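Analysis of the macromolecular model
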Amino acid sequence: MTNKGSIWRKWDLQVGTKDYTRYTGVQFSGEKLSNLCDLTSLNEQQINGNHKDLSNDDYAKLFVEHFIHYNDTDVISLANHNTGEGIEEILSHLKLRKAENQDSIYTDKFIFPGIEIGGNDRCHIIIVFNPETNNNRKFEFQEDGRTIKRELSWKEYIDRFLDAINIPSTRFNNGQPVNSSSLGAKDIISKSKDWDFIPVFPHIENSDGLWKELQDSNKKEIYSNDNFGIVDISLISKNQDLKRICSGNHSSWGDKCIAVINTSDSESLEKIGSKFSYIKGDPSIKGLKHLYIEPIDRVRTGKEPEILDRVKLNRTKYLKKVKINQISSYTGQYGNWFQDLEIPLNPELVAIIGNKGSGKSALADIIALCGNYKNQDDFSFLHKNKFRDGKHAKNFEATITWESESSNHKNLGDSSVNGELELVKYLPQGYFERLTNEISSIEEFRKEIENVVFTHLSEDDKVGYTSFEELINSKKELINHEINNLKDRLQPINSTIFEKEKKLNTSYKNNIIAQIAKKKEELTALVEPIAVPNPNEDLEIAKKNEEVNNKIAEIKNSIEKLEQDISNETQKKQLLLTEINDLKRIKQLIKGKEEDLDFFKETNKEPLSKYNIEIDEVVKYRFNYSTLDLVISNKESTLKEVKIKLGEEAPTTPNFISFNNLLKQKKEALNTIQKGLGEEEKKYQQYLIDTKNWQGKKDNIIGNENTPNTLKYFEKELKYVDETLKSDIDVLRTQRLEISKLIFDKMKVVLDVYIEVKTKIDDIISENGDLLDQYRINIEASFGVKANFVSKFLNYISLNKVGTFYGKENADIQIQKILENRDFNEFNSLKEFLKDIVKALFEDLRQKPTQQAFIENQVTEVTEFYDYLFSLDFLDYNYELRQGEKRLELLSPGEKGALLLIFYLLLDNNDIPLIIDQPEDNLDNNSVANILVPFIKKAKCRRQIILVTHNPNLAVVADAEQVIYVELDKENNNTFSFKSGAIENPTINESIVKVLEGTMPAFNKRKLKYYEN
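These numbers come from a predicted model, not from an experiment. (Residues numbered from 1 in each chain as written. Predicted model: local features only at pLDDT ≥ 70, side-chain atom pairs only at ≥ 80, totals over all residues. Heavy atoms only, no water.)

1. As for the packing of aromatic side chains
Note on aromatic pairs: each is described by the distance of the centres and the angle between the planes. To keep things clear, this is the line we draw: Two aromatic rings from Phe, Tyr or Trp, using only the six-membered ring of Trp, form a pair when their centres are within 6.5 Å; if the ring planes differ by under 30 degrees the pair is stacked, by over 60 it is edge-to-face, and anything between is tilted. Under the scheme used here, helices are H or I runs from DSSP no shorter than 4 residues and strands are E runs no shorter than 2 residues, and both carry numbers assigned from the N terminus. In this scheme, a residue with accessible area under 20% of its type's maximum is buried, one over 50% is exposed, and one in between is partly exposed, where area comes from a 1.4 Å probe on protein chains only.
Applying the stated criterion across every chain, the model contains 51 aromatic pairs. Relative to Phe-63, the ring of Tyr-59 lies with its centre 5.9 Å away and its plane at 45°, an arrangement referred to as tilted. With Tyr-59 and Phe-63 both in helix 3 (residues 56-70), this residue pair falls 4 residues apart, about one helical turn. Of the residues examined, Tyr-59 reaches a relative accessible area of 2% and is grouped as buried. You can call Phe-63 buried: its relative accessible area is 1%.

Listed below in structure tokens is the structure:
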């Protein structure tokens, strides 16, 4: 048997034939008439005449051929009133045509024998018999009561049934059926097991209908009956009360659901299927009875099932079949394994079952291989230590075919991945185990979750990236470049702030006060020279020394001028050195920017070329260093001239005498002249020198506000510390926070991507709150401190210094206090956090009242510490998935397995086939019952799922549309075989029991009844 299991088909369970009392013929013409003549060997008069005049055999031909070729209904049940006339011939002809036309349109058409009857309560019932029944009542036995003599025709069997329910032997009166059995509807349907049928209640709101004819008490008796489960309600019914009852949502009726269908009650060949239902199931009595178990999910009326439309629109994303075979040159020396296998695949849930070592994972690996799955090291069957041992795999090949009829072919030994797009998502058992059991795989697990999250972004938001990691990294790359520019602005501010904050220290102020006192003491200690009379005030002496005095005065003037020139040139030299250094620094910065731009152009040259855009046409710039170089050159020339004047460099012209050498000469000349003076004149000249030196020392001590280490400078600094310092620091701190805000805003751009995804995931979680009731999922998308923040923060702190963070244990407590209840998603809160950190370094918070403290006494590298804090390097993007309040790292393997499955089954927006290999091995029993089963049922509505399991219970409770039972006969040269079909198929039932070692599945009571033999 090789079928796709439960698929959606059009069913009409109320079809009349020529023996239906209201039956009318149809006039055919043209090609249709001609074809029917050819197919039935009937002439035109017979086909267009009164069909009641046709023999049962001739009518069976016309009925079957018209049903096969000119009706799109797939499954019908015959339902003439009170008679089984002609049913045997119709079923026999269909059986014959199927045998003659295997794998054709005949194969996919099915007809059930049946009748319509009425009870003594005027309630009509369609009796749909099992066409494959082996009920004893269908046979005539020898006198021993055991040996079968013959099988009754369907007319005979139905007559027996009509007798059993007390329909009068005269079935018709004046051509009209005698509807009334002596039994009521409840008693009639109670015989369904004895006679192997399923009752269907037609037109229940109309005359002769269950709801129209019966009182509520009688209705409830039937409603609660285990044999009541299928009713026909008109599509245009406005009876909301009835609809609630059938959906199990009526408070006074209970929670039992009833399958609601539509039937045509057809009176002619052309009316068959004019009203119908889509039913998903095996086209058998078991498949129809499955509606008792899945009355809502397996029926659609009035509209096409969503899956059919989805497959039509996405034919390249649904697998149709897989073929596995030996290569043509293989001689079988390593076993038969896979030989001419073609396995059809249902578009919804496919369950692959079998005993251990039966080849379940082999089939999953092969499908995944053909679907271009990349992480082939995770294969369990197609592994280098197993089938890919160098001998086996290369002798086999496989092809998957999609609903679009496109296909993908692979040799089983081909492990190459040449950049093909993955066409399936596969969770191999080994990969699943590694992600959920190994601590080292947390990041890989997180990436799996992120890739699912990525599917919730629109194509516009993905902007061409293929993974969440790529998208986030691209955002961060752009943002980080802008943040680095802001950090460059932040660093000099932090340096300036620290220099000023050092002045807040009382020791700094005390030092200034001490310097002022010292300078004043120096002034007090400075003794003014005792005045010496000027001998030249005596006119006679002045006249005598006039020439010498004039010479001395002239030399002194020259000396004063030279000293002034030397001072000017020295200042000029210092200014030139500063300017040249500054200009060269600026030039270097500009050169750096030029190199950055050159690198930027080179980096983006190729990406733009894909769009036929030249980078030089987009980015144009010109750096002209000539003016800057000219200014530097001129200043360096001027500096050289100054140094020559000061005697610091060799002169470029001969006989040039530097200022310092000239000063030396003048002083020597003055000294020579003064030696020739009289004693009084010498004393006076010495007094003048001493007075000049005294005044110079006094001036140097007093100084000015701009000259360091002078009285005026210290007095100004003291005034600044007392009056202006704190306000200046506040201004700088405000500027610093403004830059931090800009950095925060840049980082928020990346966080917004996380938040957008979180919002979409939250919506899905909210929509599926009933499924997630026992497994709460929380997604965090926020800013938070990095995991290493506390340790890195404390690395900057000298824990042996008095202050808030004194001592390791206390320091941990204090930083945790500051971190407590912080919302880093709002800058105002973040700003207060930064302020509190700074405050803790300027106040000892351990004491009440707090004591003043100073940052330079506690922090080793203050500027670097400030750069770390205010550039927000400690802040991280916190995108985290939690089960309740548990973080990923704290989840058990079973909890992680459940989380991964929730994401792939419920939250993954990807619609390519999902293959899962034995997930139950990594889940606890609670997760299997509460997560795996309901989520698989949810997921199969939007993507094809192939589930490998050694527990067939999973296939049953998840209502798998197709079960593939696989076997590997190791004693028969390793021959792989399979059986495929719906759960309700008896052969699949037997296979399920076989895997469970003879134990029937522990289903609920309704399913136990269903699976009773």
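2. Some remarks on the side chain of Asn-985
Keep this limit in mind: Under the rule applied, a polar contact is a pair of N or O atoms within 3.5 Å (in protein, one hydrogen donor and one hydrogen acceptor; residues adjacent in sequence only if both atoms are side-chain atoms).
Here Asn-985 lies in the loop between strand 29 (975-981) and helix 34 (986-995). Among the polar contacts listed, one links the side chain of Asn-985 to the backbone nitrogen of Thr-987, at a separation of 2.9 Å.

3. Regarding helix 15 (residues 442-454)
Put simply, the rule is: For a helix, the expected span equals 1.5 Å multiplied by the number of residues minus one.
Over its 13 residues, helix 15 runs 18 Å from end to end, which matches the ideal 18 Å to within 8%, given 1.5 Å per residue. If you check which residues of helix 15 are buried, you get Ile-442, Phe-445, Arg-446, Glu-448, Ile-449, Glu-450, Val-452, Val-453 and Phe-454.

4. Here's the deal with the confidence of the model for the protein
What counts is decided by this rule: For every residue, the predictor reports its confidence as pLDDT, a number between 0 and 100. Throughout, a residue-residue contact means that at least one pair of heavy atoms, one from each residue, lies within 4.5 Å.
Averaged over all residues, the pLDDT of the protein equals 89, while 96% of them reach at least 70. Within the model, the stretch residues 1002-1013 combines pLDDT values under 50 with 27 contacts to residues more than four positions away or in other chains.

5. Focus: a nonpolar patch on the surface
Test applied: Excluding any residue in a salt bridge, patches collect residues exceeding 30% relative accessible area, merging like charges within 9 Å and nonpolar Val, Leu, Ile, Met, Phe, Trp and Tyr side chains within 5 Å. The method behind every accessible area is Shrake-Rupley, applied with a 1.4 Å probe, and residues are considered shielded solely by the protein chains displayed. Definition used for salt bridges: Asp or Glu carboxyl oxygen within 4 Å of a side-chain nitrogen of Lys or Arg.
Judged by side-chain polarity, Tyr-611, Ile-613 and Val-618 come together as a nonpolar surface patch covering roughly 310 Å² of accessible area. Within the secondary structure, Tyr-611 is located in the loop between helix 20 (546-609) and helix 21 (615-618).

6. Topic: the environment of Thr-301
Mapping Thr-301 onto the fold places it in the loop between strand 15 (299-300) and helix 12 (306-313). Taking the C-alpha atoms as reference points, Thr-301 and Ile-279, separated by 22 residues in sequence, lie 8.8 Å from one another. Apart from the residues within four sequence positions on either side, Thr-301 is in contact with Leu-235, Val-260, Ile-261, Asn-262 and Ser-277.

7. A closer look at the pattern of salt bridges
As enumerated under the stated definition, the model contains 58 salt bridges in all. Taken together, the shared-partner salt bridges connect Glu-140, Lys-149, Arg-150 and Glu-156 into one network.

8. Observations regarding the pairing of strand 14 (residues 277-281)
Stated precisely, the cut-off is as follows: At least two DSSP bridges between two strands are required for those strands to pair.
Counting buried positions over the 5 residues of strand 14 gives 5, a clear majority of the element. Residues Ser-277, Ile-279 and Gly-281 line one face of strand 14 and the alternating positions Tyr-278 and Lys-280 line the opposite face, and both faces are buried. Direction of pairing for strand 1 (residues 7-15) relative to strand 14: antiparallel, over a ladder of 5 bridges. Across the sheet, the residue bridging to Trp-11 is Ser-277, located in strand 14.

9. Some words on the packing of helix 20 against helix 23 (residues 659-675)
Applied cut-off: Interaxial angle, 0 to 180 degrees, is taken between N-to-C directions of lines fitted to C-alpha atoms, where a helix line uses only the stretch in contact. Each angle is binned into one of four classes, with values under 35 degrees roughly parallel, values over 145 roughly antiparallel, values of 65 to 115 roughly perpendicular, and all other values oblique. For a crossing to be left-handed, the near helix must be turned anticlockwise from the far one by less than a right angle; the clockwise case is right-handed. Charged means Asp, Glu, Lys or Arg here, nonpolar means Ala, Val, Leu, Ile, Met, Phe, Trp, Tyr, Cys or Pro, and polar covers whatever is left, Gly included.
Closest axis-to-axis distance for the helix 20/helix 23 pair is 9 Å, and the angle between their directions is 155°. Of the possible angle classes, the one that applies to helix 20 and helix 23 is roughly antiparallel. Remark: the crossing between helix 20 and helix 23 carries left-handed chirality. Packed against helix 20, whose contacting residues are Val-548, Lys-551, Ile-552, Ile-555, Lys-556, Ser-558, Ile-559, Leu-562, Glu-563, Asp-565, Ile-566 and Glu-569, the element helix 23 presents Phe-659, Asn-660, Leu-662, Leu-663, Lys-666, Lys-667, Ala-669, Leu-670, Ile-673 and Gln-674 at the interface. Considered class by class, the residues forming the contact of helix 20 with helix 23 number 12 nonpolar, 3 polar and 7 charged.

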